[in-house]
Amino acid sequence: MKKAVLIGNPSVGKSLIFNNLTGLGVEVSNYPGTTVGIMSGIVRYGEAEFSITDLPGIYSISGKSDEERLVREYLVTGDSDLIVAVLDAKHLERNLYLLLQIAELRKPSVIVLNMMDDAKSAGKIIDSAALSVKFGVPVIETIATEGKNLEKIAEYVLGDNLSIPKIIPRYDHHIEAAAKSLQKYHNISEAEALFALENVTLSTLSPDIMESALVIAAEIEKRHMMSPQQIIGANRHNTAKSITDDVTSIAPVRKRRNLDSLLTKSFPGIPILILTMIGILAVVFVVGGFLEETIIGLMTTYISEPFHALGLASLPDTVGGAVILALMSGLGIAFPYVFLFYLFISILEDTGYLTRAAFLADRGMHHLGLHGQGLIPLVLSFGCSVPAIMSTRLLPTRRERIIASVLVTMLPCSARTVVISGIVASFIGFGAAFSIYGIVFMLVFALGVVLSKITPGEQYGMILEMSELRKPIPKYVFRKAWMRVKEFLYIAMPLLLISSVILGLFEYFGLVTMFESFIDPISYAVLGLPGFAFTALLFGILRKEMAFETLAIMGGTTDLAAILSSGQLYIFALVCVLFVPCISTVAVLMKEIGVKPAALITVFTLTLGISLGALLNIIFMIV
Amino acid sequence: MTFELSEDILEAILNTGKETVKVSSLGNLVSGDTDGFGKAVTCLVEKGYLNESVAGVSLTEKGAKKAAQVARKHAVLTSFLTEVLGNEPDNASKEACLMEHTISSETIEKLDTFLEERNPTEHEGHAELTKRSPIISLSECPEGSLLHVSMIKCFAKHSRLIDLGVIPGELITLRRKLANNAVVITVKGCDIALSPEVAENIMVERCNPR
Ligand SMILES: Nc1nc2c(ncn2[C@@H]2O[C@H](COP(=O)(O)OP(=O)(O)OP(=O)(O)O)[C@@H](O)[C@H]2O)c(=O)[nH]1
Ligand SMILES: [Mg+2]
């Protein structure tokens, strides 16, 4: 089977093309660094098939970041048959820089000029035939959001004659001479010789090649007062510029309103940022609360009450009741909040607003030992900690990745929002719900300040490309929110059903009472909570929202105010939000930052959650 | 239309220092061949270098960049011809006018570095004549200025800047600057946000019309 690989700058639409061709659902979002890993899929076109791989977006294949290294190794040592170079037509010149580097690898390639709609509305007319002649490979013009011309990519991959780029960028003559001699002496390709001169490591370049390249590079640097890396970069940019000038012409366009004059200024940018965040939470509370009440009301009248009215024997009644209660708390309570939240996060991601927010937040993030980009994982963490921790890979240093991962773990994800809104907002009030956020934010801030002082490692500033502002397309927003909620329905719901039935049976056979009589005194003494609430908290380690659902199941009702006081509910929610990340989060933490830091975070949050809960218990008792 | 004429027109508009210039008054500003002058202006408007309105023509962002590039070439060439070769300033300027259209940006950068090394102080003294501005850090420039990148300090730390096109010789626009000196610049049509500590490492010259 043929293998194709998608390469290009960040946010040019590679993942959207991948999704459209394969029918799979990888993340597509409007900020640079959405894709952080390698993902492959099979494309079926007519009778034939081929495999295609989506890679993280990069600006250069000779860069030093993890993604750039990953893509470089994949390209040079991988066994792909065709490189599909995806370009943003509107920003052709900047995108050509990477294309020139790819062309020098002399591997079969095809150029995909995506975002033709954007280029057109910016008044850029690109002569793709001329571009194709210059590079010696075909050019396909596409609009990935409309699926336009994507089948031509498949057609070309499956075709018989794949062409190899023939363009030769002109380099400074010292560079060219140096590359020639390295090539001849060590029997390597021109691209490899240039990598060596740029002091870029590659598995195919032996240490002695690197060493001799280093000597030549030093010679060139002395003569030019510029490192070969800078000279080669400048030469490539010049080539890119002259090609762009040759193939583009400008059509006059109507000037459009530029929202950036509002969004990137301190005023009104920062108030807008804060209002957006609070607004999203408030809407989730209000609309989620309304949906919850409606769904629970309907389920009680039409499912729960008729079932118990059947007057079954007590064992089937217990088991059936447990199933119904699990359905009610899962679909009725958790689902509306989770879905709404993901909907808003998806909208936020697709507008391109996140990069503006990151720019404005740069200053504040410095206090936390992070830079502007660090805001992106923090915002994503309101959805789910797992992808948020993975997205910390877009941060430039390990130091920042560790700090951001810790803070992400602390911030309330949508599951914890379910707990906060379902328990605190519904039974105590909005003010109390926001106060939990307030406490968590203060803790996160304090922790960030401390971490920025104690975490070792170097610091680089933010260099972040602002994504294009776009109107989110409803179809894609819903699809993305649905994709994320599906995970909830397929993994969390079965888990909830099974544990609910098991708990029901335990209760029936008196096991729960035994455990509770053992845990009850401790739980009361420390947190002021009854034993069943503490057991529910433990379920929160599996998945956060399960703490809440299990509380309802163990209390035997979704009306929590009937079984616990406001103070108890508040303590329950706060402890649940803070203590121990859920197991999936712990797993991803171990993978991304190592076992030891992950264990440290777990122990730390456990201590923090329990001691804050205990403190609050004492305060409530005194008051 | 000739390529030289259109570059001369852009340069002339920039040199007036005014936002909008009447087309009729432009004719006097551009020396030499004025055949097909109107055609050249129309062509520049079509290509997106000029905006045309009732009040006259004004430079678009792209036009201003191009004009600044040509003006700079002119200034460096004139310096070279007078200071190094000892030509008469008048003749030097005329000859610079001819060469500025064909010389590459790379050569100009090298020539400029050469002039600077040869005689830094005198060259500074020449600053007014060659319209060269002092080299300052990006953080010191006001919002909206059109800038010419001269050097990146500790570039090894910020090698991504090279990949994004922030290289010596490139013209960039300072779009936004916050109170803490975090900036947004436009390079090759893309907006890039930079932390203050990155911005202060980018050394630039201002080339806005005064
Ligand atoms: N208008 C328009 N938008 C597009 C087009 N193609 C992609 N987009 C949008 O561009 C954004 C980025 O798309 P992605 O597919 O995530 O980009 P990517 O290249 O995978 O980005 P990274 O994973 O960050 O490297 C999304 O918001 C898409 O909806 C297009 O042809 N036209
Ligand atoms: Mg992607």
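Residues numbered from 1 in each chain as written. Chains lettered and ligands numbered in written order. Predicted model: local features only at pLDDT ≥ 70, side-chain atom pairs only at ≥ 80, totals over all residues. Heavy atoms only, no water.

(A) Just the overall build of chain A, in detail. Looking only at helices and strands, chain A has 26 helices and nine strands in total. Seen through its principal axes, chain A has C-alpha atoms that stretch 85 × 55 × 50 Å. Sorting the 623 residues of chain A into buried and exposed places 55% on the buried side. Look at the contacts in chain A between residues 6 or more apart in sequence, and 74% of them connect residues 24 or more apart. Carbon and sulfur atoms make up 66% of the accessible area of chain A, which amounts to about 26000 Å² in all. Here chain A carries 48 positive and 52 negative side-chain charges, and the mean point of each set is 7 Å from the other. (Helix = DSSP H or I, 4+ residues; strand = E, 2+ residues; numbered from the N terminus. Buried < 20%, exposed > 50% of the residue type's maximum accessible area, 1.4 Å probe, protein only. Contact = heavy atoms within 4.5 Å. Areas by Shrake-Rupley, 256 points an atom, 1.4 Å probe, with all protein chains shown as cover. Lys, Arg positive; Asp, Glu negative; His and termini not counted. Charge placed at Lys NZ, Arg CZ, Asp CG, Glu CD.)

(B) Structural view of the overall build of chain B. If you tally the helices and strands in chain B, you get 10 helices and nine strands. Every one of the 210 residues in chain B was classed for burial, and the buried ones make up 53%. Within chain B, contacts between residues at least 6 apart in sequence are counted, and of these 63% link residues at least 24 apart. Accessible surface for chain B amounts to roughly 9600 Å². Of this, 53% is attributable to carbon and sulfur atoms.

(C) Highlighting the coordination of the magnesium ion (ligand 2). Residues and elements named next belong to chain A. Within the first shell, the magnesium ion (ligand 2) binds the protein through Ser-15 (OG) and Thr-35 (OG1), at distances of 1.9 to 2.0 Å. Here Ser-15 is found in helix 1 (residues 14-22), whereas its partner Thr-35 is found in the loop between helix 1 and strand 2 (39-45), with 20 residues between them in sequence. With respect to class, Ser-15 is no different from Thr-35; both count as buried. (Donors = N, O, S within 2.8 Å, 3.2 Å for Na, K, Ca; no water.)

(D) Representation of a nonpolar patch on the surface in the model. All names here are of chain A. On the surface, Leu-315, Ile-498, Ile-502, Phe-506, Tyr-508, Phe-509, Leu-511 and Met-514 cluster together into a nonpolar patch covering about 770 Å² of accessible area. Where the nonpolar patch is concerned, the elements lending two or more residues are helix 20 (474-508) and helix 21 (511-527). With four residues, the top contributor of residues to the nonpolar patch is helix 20. Here Met-514 lies in helix 21. (Patch = residues over 30% accessible without salt bridge, like charges linked within 9 Å, V, L, I, M, F, W, Y side chains within 5 Å. Salt bridge = Lys/Arg side-chain N within 4 Å of Asp/Glu carboxyl O.)

(E) Representation of the sheet that holds strand 2 (residues 50-53) of chain B within the structure. One open sheet accounts for three strands, arranged 1-3-2 (chain B); its pairing is antiparallel. Lying at the two open borders of the sheet, with one neighbouring strand each, are strand 1 (20-21) and strand 2 of chain B. (Pairing = 2+ DSSP bridges.)

(F) Region of the structure containing the site of ligand 1. All names here are of chain A. In the region of ligand 1, 24 residues are neighbours, and Lys-14, Ser-15, Leu-16, Thr-35 and Asp-117 sit closest. Take Leu-16: an N or O atom from its main chain is 2.9 Å from an oxygen atom of ligand 1. Contact between ligand 1 and Thr-35: an oxygen atom at 2.7 Å from a side-chain N or O atom of the residue. Relative to its unbound accessible surface of 660 Å², ligand 1 loses 96% to contact with the protein. Put simply, the parts of the chain that give the shell around ligand 1 at least two residues each are helix 1 and helix 4 (116-121). No other element matches the three residues that helix 1 contributes to the shell around ligand 1. Across the shell around ligand 1, the residue classes break down as nine nonpolar, 11 polar and four charged. (Near = heavy atom within 4 Å. Polar contact = N/O pair within 3.5 Å; in protein donor to acceptor, adjacent residues only side chain to side chain. Nonpolar A, V, L, I, M, F, W, Y, C, P; charged D, E, K, R; others polar.)

(G) Focus on the sheet that holds strand 9 (residues 202-206) of chain B. What the seven strands build is an open sheet, ordered 9(A)-8(B)-7(B)-6(B)-5(B)-9(B)-4(B); its pairing is antiparallel. Edge positions in the open sheet fall to strand 9 (463-465) of chain A together with strand 4 (136-137) of chain B, since each of these has one partner strand only. Sheet topology places strand 6 (residues 171-177) of chain B next to strand 7 (residues 183-187) of chain B; four bridges connect them, and they run antiparallel. Note on strand 7 of chain B: the bridge partner recorded for Lys-177 of chain B is Val-183 of chain B. Lying over the sheet, helix 4 (residues 61-84) of chain B contacts strand 5 (146-152), strand 6, strand 7 and strand 9 of chain B, oriented at roughly 130° with respect to strand 6 of chain B. (Axes fitted to C-alpha atoms, helices over the stretch in contact; angles between N-to-C directions.)

(H) Representation of the pattern of salt bridges. Taken as a whole and judged by the stated rule, the model has 29 salt bridges over all chains. The shortest N-O distance in the salt bridge between Lys-3 of chain A and Asp-79 of chain A comes to 2.9 Å. Note that Lys-3 of chain A is positioned in strand 1 (residues 2-8) and Asp-79 of chain A in the loop between helix 2 (66-77) and strand 4 (82-88), a separation of 76 residues in sequence. Ionic pairing is found between Glu-143 of chain B and Arg-176 of chain B, a salt bridge with its closest N-O pair at 3.3 Å. Within this pair, whereas Glu-143 of chain B is found in the loop between strand 4 and strand 5, its partner Arg-176 of chain B is found in strand 6, the two being separated by 33 residues in sequence. The exposure class assigned to Glu-143 of chain B is partly exposed, which follows from its relative accessible area of 40%. Through salt bridges that share partners, Glu-27, Glu-349, Asp-350, Lys-480 and Arg-484 of chain A make up one connected network.

(I) Summary view of the packing of helix 7 (residues 173-186) of chain A against helix 9 (residues 207-224) of chain A. Residue and element names in this part refer to chain A. Taken N-terminus to C-terminus, the directions of helix 7 and helix 9 make an angle of 165°; their axes are 11 Å apart at the nearest point. Here helix 7 is positioned roughly antiparallel relative to helix 9, judged by the angle of their axes. Seen along the crossing, helix 7 lies across helix 9 with a hand that is right-handed. Contact residues: His-174, Ile-175, Ala-178, Ser-181, Leu-182 and His-186 in helix 7; Asp-208, Ile-209, Ser-212, Ala-213, Ile-216, Ile-220, Arg-223 and His-224 in helix 9. Classifying every residue of the contact of helix 7 with helix 9 by side-chain character gives seven nonpolar, five polar and two charged. (Parallel < 35°, antiparallel > 145°, perpendicular 65-115°, else oblique. Left-handed = near helix turned anticlockwise from the far one by under 90°.)

(J) Region of the structure containing empty space enclosed by the protein. All names here are of chain A. Enumeration according to the criterion identifies six cavities of 30 Å³ or more in this entry. The computed volume of the largest cavity comes to approximately 160 Å³. Together, 17 residues line the largest cavity, and Ser-11, Asp-88, His-91, Glu-465 and Glu-468 are the ones closest to its centre. Of the residues belonging to the lining of the largest cavity, the class tally is five nonpolar, six polar and six charged. (1 Å grid on protein atoms, 1.4 Å probe; cavity = no way out; pocket = protein on both sides within 12 Å on 5 of 7 lines; lining within 4 Å. Points joined across faces, edges and corners; volume = space filled by probe spheres on them.)

(K) Local environment of helix 6 (residues 105-118) of chain B. Residue and element names in this part refer to chain B. Compared with an ideal rise of 1.5 Å per residue, which puts 14 residues at 20 Å, helix 6 spans 20 Å between its outermost C-alpha atoms and is within 8% of the ideal. Looking only at helix 6, the buried set comprises Ile-108, Glu-109, Leu-111, Asp-112 and Leu-115. For helix 6, the angular spread of buried residues about the axis comes to 165°, placing them on one side. (Expected span 1.5 Å × (residues − 1). Arc of directions from axis to C-beta.)

(L) Highlighting the packing of aromatic side chains. Counted according to the given criterion, the structure contains 10 aromatic pairs over all chains. Ring geometry for Phe-515 of chain A versus Phe-518 of chain A: centroids 6.5 Å apart, planes at 50°, classification tilted. A residue pair is termed a helical-turn pair when its members lie 3 or 4 positions apart in one helix, as Phe-515 of chain A and Phe-518 of chain A do in helix 21 at three residues. Take Phe-515 of chain A: its relative accessible area is 34%, and that puts it in the partly exposed class. Within the aromatic cluster, the residues linked to one another by ring pairs are Phe-285, Phe-382, Phe-430, Phe-434, Tyr-437 and Phe-441 of chain A. Of note, Lys-475 of chain A hangs over the ring of Tyr-476 of chain A, and the distance from its end group to the ring centre comes to 5.2 Å. Stacked on the ring of Tyr-49 of chain B, the Lys or Arg Lys-62 of chain B has its end atom at 4.4 Å from the ring centre. (Phe/Tyr/Trp six-rings, centres within 6.5 Å; stacked < 30°, edge-to-face > 60°. Lys NZ or Arg CZ within 6 Å of the ring centre and 35° of its normal.)

(M) Just the domain arrangement of chain B, in detail. All names here are of chain B. Entries for chain B in the domain assignment read domain 1 (3-59) and domain 2 (66-206). If you look at the interface, domain 1 gives 10 residues, while domain 2 gives nine residues. Considering only the surface of domain 1 that becomes buried against domain 2, Glu-7, Glu-11 and Leu-14 emerge as the three largest contributors, covering 51% of it. Linking domain 1 with domain 2 are one salt bridge, by the criterion used here. Between Glu-7 and Lys-66 there is a salt bridge, and its shortest N-O distance comes to 3.8 Å. Top element by residues in the side of domain 1 that touches domain 2 is helix 1 (residues 3-16). It accounts for eight residues. For the side of domain 1 that touches domain 2, a count of residues per class yields five nonpolar, one polar and four charged. (Domains from an automatic or database assignment. Buried area = accessible area lost by both parts, 1.4 Å probe.)

(N) Fine view of the side chain of Gln-229 of chain A. With respect to the helices and strands, Gln-229 of chain A occurs in helix 10 (residues 228-247). Judged by relative accessible area, Gln-229 of chain A falls into the buried class, the value being 15%.

(O) Fine view of the nonpolar core. Residues and elements named next belong to chain A. Core analysis: the biggest nonpolar cluster contains 111 residues, and Leu-407, Ile-423, Val-424, Leu-537, Leu-551 and Phe-572 have the highest contact counts within it. Here this core takes 15 residues from helix 13 (residues 314-351), the largest share from any one element. Grouped together as the second largest cluster of nonpolar side chains are 54 residues, Ile-58, Leu-131, Leu-197 and Leu-202 included. (Core = buried A, V, L, I, M, F, W, Y, C linked by side-chain atoms within 4.5 Å.)

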